[in-house]
Structures are given as structure tokens and as C-alpha cells.
Amino acid sequence: MKNNFIQRAITGVLFVAILVGCILYHPFSFGALFIVISALTIREFGSLVNHIEGVSVNKNIIMLGGAYLFLAIMGFCIDASDSKIFLPYLLLLLYMMISELYLKKESPVLNWAFSMLSQLYIALPFALLSALAFHNNPEDSSVSYNRILPLSIFVFIWLSDTGAYCVGSLIGKHRLFERIS
């Protein structure tokens with residue numbers, strides 16, 4: 001138990017250092033980090049849902065979709081492109097839907113639903129961090145990078161999770177939801 005806690009603490013400190021460092025260092029390190037995080041979390045989501053009976057999502061396609069969505073929104077927010085940058089993403093979504101119908105898998109609608117859920121539940125929130133990080137200045141037509149807003153999201157999440165853990169450890173004798181806790 002103590003070994004597991006130490007390993008988790010070390011991993012957590014490393015993750016926080018990398019996350020904070022990439023957000024504070026440069027806008028492109030921010031983008032590169034969250035492209036990788038988006039792709040890896042979507043891959044894990046795909047692995048989890050593929051254990052459900054009858055479900056088989058293409059992890060590589062949904063990872064590509066999540067990474068591209070982040071790039072597209074970031075490109076749009078920094079004025080590197082117009083709204084046409086989202087057309088390949090829409091084509092990818094159509095490909096996911098149409099390919100499921102022709103692959104003759106056990107439950108194509110369920111596969112497509114989980115593929116879309118990966119985009120809405122994981123990829124979109126990470127991609128919208130770009131909308132917090134980049135702001136257009138209409139006076140001089142420039143884009144500024146605000147490090148504090150995306151970092152504050154993570155600080156609030158970390159404080160909330162840490163507080164819940166501490167309160168639960170100190171005063172919690174009975175678990176609220178046995179299946180989740």
C-alpha cells in the first residue's frame with residue numbers, strides 16, 4: 001500500500017512538472033503536449049470500450065480525430081487558418097460512420113457511438129483549452145497566449161481532487177458509492 005502511494009506520488013509530481021512546464025514555456029509546447037495527451041487518453045478510452053462485449057472501435061482513427069481536432073481548434077484560435085480547417089475533421093467523422101456500416105461488425109451503431117463519444121468526451125474538452133489560451137486583440141490584429149487560464153483549470157481540478165481525497169480519508173467511514181469508490 002505504501003509503495004503504491006509513493007509510486008503514484010512520484011508519477012503525479014512528474015506529470016504536474018511536465019504539464020506546468022509545457023503550459024508556461026511556449027504556446028507550441030502547450031499544443032504539442034495536449035495533442036499527445038488527447039491522443040493517449042483517447043487510445044485508453046478505446047482500449048476500455050473494446051472490452052465491452054460486441055464493441056470494437058478503431059483506436060487509431062479516433063486518436064487521429066482527437067489530435068486533429070486539437071490542431072484545428074488551435075489553428076483557428078491563433079488565426080493560422082479559417083473555418084475550412086474543420087473540413088478534414090468532418091470528413092473523418094463521416095468516414096467513421098460510413099465505414100462502420102460496411103465493415104459488417106457485430107454492432108456498428110454502438111461502435112460509432114463510442115467513437116463519437118471519444119471525440120465529445122475527451123477530444124473536445126482538451127481542444128477547447130486552446131480557446132482559453134489564445135485571445136485575439138482586435139486593435140492590432142494579433143493573438144496573445146494567456147498561460148494562466150488553461151493552467152488554472154488544472155489547478156482547480158487538482159485542488160478539488162486533493163480536497164476530496166483528504167476529506168474522504170479523514171472523515172469518511174463509509175463509501176458513498178461502493179461501485180465507484
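Note: the structure precedes this text.
These numbers come from a predicted model, not from an experiment.

Trainee: Before we move on, could you go through the overall build of the protein chain and cite the residues and values that matter?
Mentor: Of regular secondary structure, the protein chain possesses seven helices and two strands. Scanning the protein chain from its N terminus toward the C terminus, one meets helices and strands in the order α-α-α-α-α-α-β-β-α. Across its three principal axes, the protein chain shows a C-alpha extent of roughly 55 × 55 × 25 Å. Burial statistics for the protein chain: of 181 residues in total, 33% are counted as buried. When the accessible surface of the protein chain is split by element, carbon and sulfur atoms take 69% of a total near 12200 Å². Taking the average location of the 11 positive side-chain charges in the protein chain and that of its 10 negative ones, the two points are 12 Å from each other.

Trainee: Explain the side chain of Ser29 residue by residue, including any values.
Mentor: Here Ser29 lies in helix H2 (residues 27-49). At 2.8 Å, the side chain of Ser29 forms a polar contact with the backbone oxygen of His26.

Trainee: So what's going on with a nonpolar patch on the surface? Residues and values would help.
Mentor: Among the surface-exposed residues, Leu91, Leu94, Met97, Ile98, Leu101 and Tyr102 lie close enough to one another that they form a single nonpolar patch of about 640 Å² accessible area. By the secondary structure assignment, Met97 is in helix H4 (residues 87-102). Looking at Met97, the relative accessible area reads 33%, which means it is partly exposed.

Trainee: Give me the lowdown on the environment of Ile23, citing residues and values where you can.
Mentor: For Ile23, the location among the structural elements is in helix H1 (residues 2-25). Classification of Ile23 by relative accessible area gives buried; the value is 0%. For the pair Ile23 and Arg147, spaced 124 residues apart in sequence, the C-alpha to C-alpha distance is 6.2 Å. Contact partners of Ile23, with chain neighbours within four places excluded, come to Phe30, Phe34, Tyr145, Arg147, Leu151 and Phe154.

Trainee: So what's going on with the environment of Gly65? Which residues, and what values?
Mentor: Mapping Gly65 onto the fold places it in helix H3 (residues 59-77). On the basis of relative accessible area, Gly65 is assigned to the buried category, the value being 0%. Distance in space between the C-alpha atoms of Gly65 and Ala127 is 11 Å, their sequence separation being 62 residues. Not counting chain neighbours up to four residues away, the residues in contact with Gly65 comprise Tyr89, Leu92 and Gln119.

Trainee: Requested: an account of unusual backbone geometry, with residues and values cited.
Mentor: A positive phi angle is found at Asp79, which is not glycine, with a value near 60°. Tracing the sequence through the fold places Asp79 in the loop between H3 and H4. Phi is positive for Ser141, close to 55°, though the residue is something other than glycine. With respect to the helices and strands, the residue Ser141 is situated in the loop between strand S1 (134-137) and strand S2 (142-145). Note on Ser141: relative accessible area 67%, which makes it exposed.

Trainee: Which residues make up helix H7 (residues 148-171), and what values do they have?
Mentor: When the terminal C-alpha atoms of H7 are compared, their 33 Å separation across 24 residues agrees well with the 34 Å that a helix rising 1.5 Å per residue should span. Taken together, the buried positions of H7 are Pro150, Leu151, Ser152 and Phe154.

Calculation notes
Here the residue numbers are simple positions, counted from 1 along each chain's written sequence. Two thresholds apply to this predicted model, a pLDDT of at least 70 for residue-level local features and 80 or more for giving and counting side-chain atom pairs, whereas whole-chain, interface and lining totals are computed over all residues. The side-chain quantities take in all heavy atoms of the structure and omit both hydrogens and water. A helix here means a DSSP run of H or I that spans at least four residues, while a strand means a run of E at least two residues long, and both kinds are numbered starting from the N terminus. The classification of residues rests on relative accessible area computed with a 1.4 Å probe and restricted to protein chains. Under 20% of the type maximum is buried, over 50% is exposed, and intermediate values are partly exposed. The Shrake-Rupley method, run with a 1.4 Å probe sphere, supplies the accessible areas, and residue values consider only the shown protein chains as cover. By the counting scheme adopted, Arg and Lys are positive, Glu and Asp are negative, and His together with the chain ends is not counted. Throughout, a charge is located at the NZ atom of Lys, the CZ atom of Arg, the CG atom of Asp or the CD atom of Glu. The term polar contact refers here to a pair of N or O atoms within 3.5 Å; inside protein, the definition further demands a hydrogen-donor-capable atom paired with an acceptor-capable atom, and it admits residues adjacent in sequence only when both atoms are side-chain atoms. Each patch is built from salt-bridge-free residues with over 30% relative accessible area, joining like charges within 9 Å and nonpolar side chains (Val, Leu, Ile, Met, Phe, Trp, Tyr) within 5 Å. Salt bridge criterion: a side-chain nitrogen from Lys or Arg within 4 Å of a carboxyl oxygen from Asp or Glu. By definition, residues are in contact when any of their heavy atoms lie within 4.5 Å. An expected span of 1.5 Å times one less than the residue number is assigned to each helix.

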